[in-house]
Amino acid sequence: MLSAAGRQLASALRNTRAPPAAAARRCLRASGSRPGAERNGRNGEPPRAFDPALLEFLVCPLSKKPLRYEASTNELINEELGIAYPIVDGIPNMIPQAARMIHQNKKQEDMEQH
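As the structure is a computational prediction, the values presented were derived from the model and not from experiment.

Before going further, it helps to spend a moment on the overall build of the chain. Along the backbone of the chain there are 3 helices and 5 strands. Along the chain, helices (α) and strands (β) appear in the sequence α-α-β-β-β-β-β-α when read from the amino end. Considering the chain as a whole, with its 114 residues, one finds that 34% of them fall into the buried category. Sequence separation of 24 or more characterises 39% of the internal contacts of the chain that already satisfy a separation of 6 or more. Accessible surface, the chain as shown: approximately 7400 Å² in total, 55% of it carbon and sulfur.

Structure follows, in structure tokens:
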């Protein structure tokens, strides 16, 4: 079953001409998603490793598109929507409210470099 935010995003994606990333951004803001959601809360213990073989089965719960694993941030990335799902203790948190937007951050980094 979809959460209220998931239903809202699905409805927004179906009923809008805006790019899917814009609809995702609106729904994440409306759901109260926090950028940079909590990371591994255990002190002193290294995080469990994510098994990249899972990428064969995992898709974005919002767009149903394949995800890319980013080892440097330990996140699963949906390039199309511009969102990143955190991986905590080797387990992907695929709840849309736990995702963070990434395209805005890339644009800011590009502007800072130039």
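Let us now look at the nonpolar core. One finds Phe50, Cys60, Leu62, Leu67, Leu76, Leu81, Ile83, Tyr85, Ile87, Met94, Ala99 and Met101 forming the largest nonpolar core, which totals 12 residues. When residues in this core are grouped by element, the largest group, 3 residues, is from strand S3 (residues 83-88). Those residues in contact with Leu76 that sit more than four places away from it in its chain are Phe50, Leu55, Leu58, Leu67, Arg68, Tyr69, Ile83, Ala84, Tyr85, Ile87, Pro92 and Met94.

In this fold, Arg48 is placed in the loop between helix H2 (20-30) and strand S1 (68-70). With 41 residues separating them along the chain, Arg48 and Asp89 place their C-alpha atoms 4.6 Å apart.

Time to look at the side chain of Arg100. With respect to the helices and strands, Arg100 occurs in strand S5 (residues 100-101). For Arg100, a relative accessible area of 17% gives the class buried. A polar contact is formed between the side chain of Arg100 and the side chain of Glu75, at a distance of 2.8 Å.

Within a regular strand, the side chains alternate between the two sheet faces. Where burial is concerned, the two faces of strand S2 (residues 75-78) agree: the one with Glu75 and Ile77 and the one with Leu76 and Asn78 are both buried. The pairing of S1 with S2 spans 3 bridges and is classified as antiparallel. In the sheet register, Tyr69 faces S2, and the bridge partner there is Leu76. Between S1 and the antiparallel strand that follows it, S2, lie 4 residues; Asn74 among them carries a positive phi value of about 55 degrees. Bridge analysis of S2 against S3 gives 4 bridges, and the strand direction is antiparallel. By the bridge assignment for S3, Asn78 is matched with Ile83.

By the criterion of burial, S3 is predominantly enclosed, with 5 of the 6 residues buried. In this sheet, S5 lies alongside S3 in antiparallel orientation, the contact comprising 2 bridges. Each bridged residue has a counterpart across the sheet, and for Ala84 the counterpart in S5 is Arg100. As paired elements, S3 and strand S4 (residues 91-92) share 2 bridges and run antiparallel to each other. Pairing of Val88 across the sheet is with Ile91, part of S4.

On to the environment of Asn74, then. Relative to the helices and strands, Asn74 resides in the loop between S1 and S2. With 12 residues separating them along the chain, Asn74 and Pro86 place their C-alpha atoms 6.6 Å apart. In this structure, Asn74 is in contact with Phe50, Tyr69, Pro86 and Ile87, ignoring residues within four places of it in sequence. Of the polar contacts made by the side chain of Asn74, one reaches the backbone oxygen of Ile87; its length is 3.1 Å.

Analysis parameters
Residues numbered from 1 in each chain as written. Predicted model: local features only at pLDDT ≥ 70, side-chain atom pairs only at ≥ 80, totals over all residues. Heavy atoms only, no water. Helix = DSSP H or I, 4+ residues; strand = E, 2+ residues; numbered from the N terminus. Buried < 20%, exposed > 50% of the residue type's maximum accessible area, 1.4 Å probe, protein only. Contact = heavy atoms within 4.5 Å. Areas by Shrake-Rupley, 256 points an atom, 1.4 Å probe, with all protein chains shown as cover. Core = buried A, V, L, I, M, F, W, Y, C linked by side-chain atoms within 4.5 Å. Polar contact = N/O pair within 3.5 Å; in protein donor to acceptor, adjacent residues only side chain to side chain. Pairing = 2+ DSSP bridges.

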